[in-house]
Amino acid sequence: MRRILAVALVVVTSGSLLTACTADASPSAVSVGWVGAAKNSVRVTWKDADAPNRITIEGVLSEGPSYVQYLPATQPNSWDIPTSAFPPDGNYRVVVTNGTTKEGLTGKPAKSPVFDTDGPVRPSSAFAVAQGRGVLIRWAVPAAPQDFTPNDPLDVDGPKAQKYVPMIGRPGSQPAPIGPGTTSPRQVINSIKPPFLFQLRTENEWSSNLGGQVVGLTSSATVFVPPRAQYSLPVRVRGRVVLQETFCAAETNCALQQTTSAGIPLTVLTQVTPKARWSPVARGKTTAGGHYDIPVVTAGSRPYKVVASPYAKPGVLTSESASPAVFTRAVVRLLAGGYLGGNNKKRGEMVTVFARVAPASTSVATLQLWNRQTRRWQSVKLVALRRGQAVFGFKINAVGTYSYRWVLPPAASGGRNMDGLTTPKLDLRIRP
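Everything numeric in this text was worked out from a predicted model, so none of it was measured. (Residues numbered from 1 in each chain as written. Predicted model: local features only at pLDDT ≥ 70, side-chain atom pairs only at ≥ 80, totals over all residues. Heavy atoms only, no water.)

Peer 1: I'd like a description of the state of the cysteines, backed by residues and values.
Peer 2: Counted by the stated rule, this structure contains one disulfide. The disulfide partner of Cys-248 is Cys-254, and the gap between their sulfur atoms is 2.0 Å. Residues Cys-248 and Cys-254 are joined by a disulfide whose S-S torsion is about 105°; by sign, that bridge is right-handed. As far as the burial class goes, Cys-248 and Cys-254 line up, both buried. (Disulfide = S-S within 2.5 Å. Buried < 20%, exposed > 50% of the residue type's maximum accessible area, 1.4 Å probe, protein only.)

Structure (structure tokens):
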């Protein structure tokens, strides 16, 4: 019985001695601080009995470490962790534990105070407008998020105003700074035209951010109008506006790529006379895919072109462009034509045939009759066209069905000719 108690006592005593040794060997007093003025790394220091250590970065809300480093026993109780090893925008602490990769961990972990790695506030809502030969860019700076670890060991002393470095990317080169960092929310860039990519870069000790982006776009417009259109009727001016933007991928030269946009304001221009200035006749906007469809009333034979106006919205600035000019020849329009009182007449009754056209010009119209024997139209009368109206009266003494038509002469408007018009046949029935 005594031997059993003695063995038990020895076992309990030995266990107590092992626990005490492990506890004594555990690190303590873990602290963190910046290394040098550049703040490119964080120095971790601790106290222990010159044992091998494992250094990890532990998130307050995460389970697994994001950084692991084993140090031999000969390593002083100090280690520098690169700033890039710390995950951004979170709350973390450095944990020091005794152990090796082969034998595992021993003792209790010791932890540094909690600190945050919040990145710089990203600038947003950049807006650009043309200013002379350059652009004026304004941006907004959101309020900094709440600091949940105030006065932590890695907080930076002194003023914390963020500086934003303006950068420009052009096709064939990488984005590069165009000036020093500024705390101002505006930047004037002289002598710059699209295409370009404007960005603001800001950084602190932990990370960097890009924001406040403005894409400077160039535009090109195509246009189609019917080659012939009736006077005073609307035609559809159709086409598309295609944009070229500067695209900058990470660590590669910027390149041009094609895109489209809805909402670009458009103006349809025309020359009223051959040597007149181009003047607006209609306005519209692009729809999805950059397409547009704008009605324009035909006022004569004229050229038309479409101008895509400079366009600005948050993050976008487009330059002006114009399509090639396209000519539409106007055609005299028949407003009304036929027989007064209808086309059913008695033999020997007076028949009055008329035509009314636009524009209301003065000229000579030709009345033609369909000859069934020769199967050809033959002219029967030259009728004065006064203020766009021709009227002719006659009698027919033979029963039958007759077909007449008007050949309306060309007209002129704005110093340009427009084509004449031949009406469809006008059937006339003569009854007994």
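Moving on from the coordinates now.
Peer 1: Explain the pattern of salt bridges to me, and be specific about the residues and the numbers.
Peer 2: The full count for this structure, using the stated rule, is seven salt bridges. Each of the salt bridges in this network shares a partner with another, and the network as a whole consists of Glu-58, Arg-93 and Lys-111. (Salt bridge = Lys/Arg side-chain N within 4 Å of Asp/Glu carboxyl O.)

Peer 1: Tell me about the sheet that holds strand E13 (residues 186–189), residues and numbers included.
Peer 2: Taken together, three strands build an open sheet; the order of strands is E9-E10-E13 and the sheet is antiparallel. The open sheet has two edge strands, strand E9 (124–131) and E13, and neither has a second partner. Across this sheet, the average inter-strand angle for adjacent strands is 15°, counted without regard to direction. Sheet analysis places strand E10 (residues 134–140) next to E13, joined by four bridges and oriented antiparallel. In the sheet register, Val-135 faces E13, and the bridge partner there is Ile-189. (Pairing = 2+ DSSP bridges. Helix = DSSP H or I, 4+ residues; strand = E, 2+ residues; numbered from the N terminus. Axes fitted to C-alpha atoms, helices over the stretch in contact; angles between N-to-C directions.)

Peer 1: Let's hear about the sheet that holds strand E2 (residues 41–47): which residues, and what values?
Peer 2: One open sheet accounts for three strands, arranged E1-E2-E5; its pairing is antiparallel. Lying at the two open borders of the sheet, with one neighbouring strand each, are strand E1 (28–34) and strand E5 (78–82). The mean inter-strand angle of the sheet, taken between neighbouring strand axes irrespective of direction, is 20°. Across five bridges, the pairing between E1 and E2 is antiparallel. Within E2, the position partnered with Gly-33 by the bridge is Arg-43.

Remember, this is a structural readout, not a statement about activity or role.
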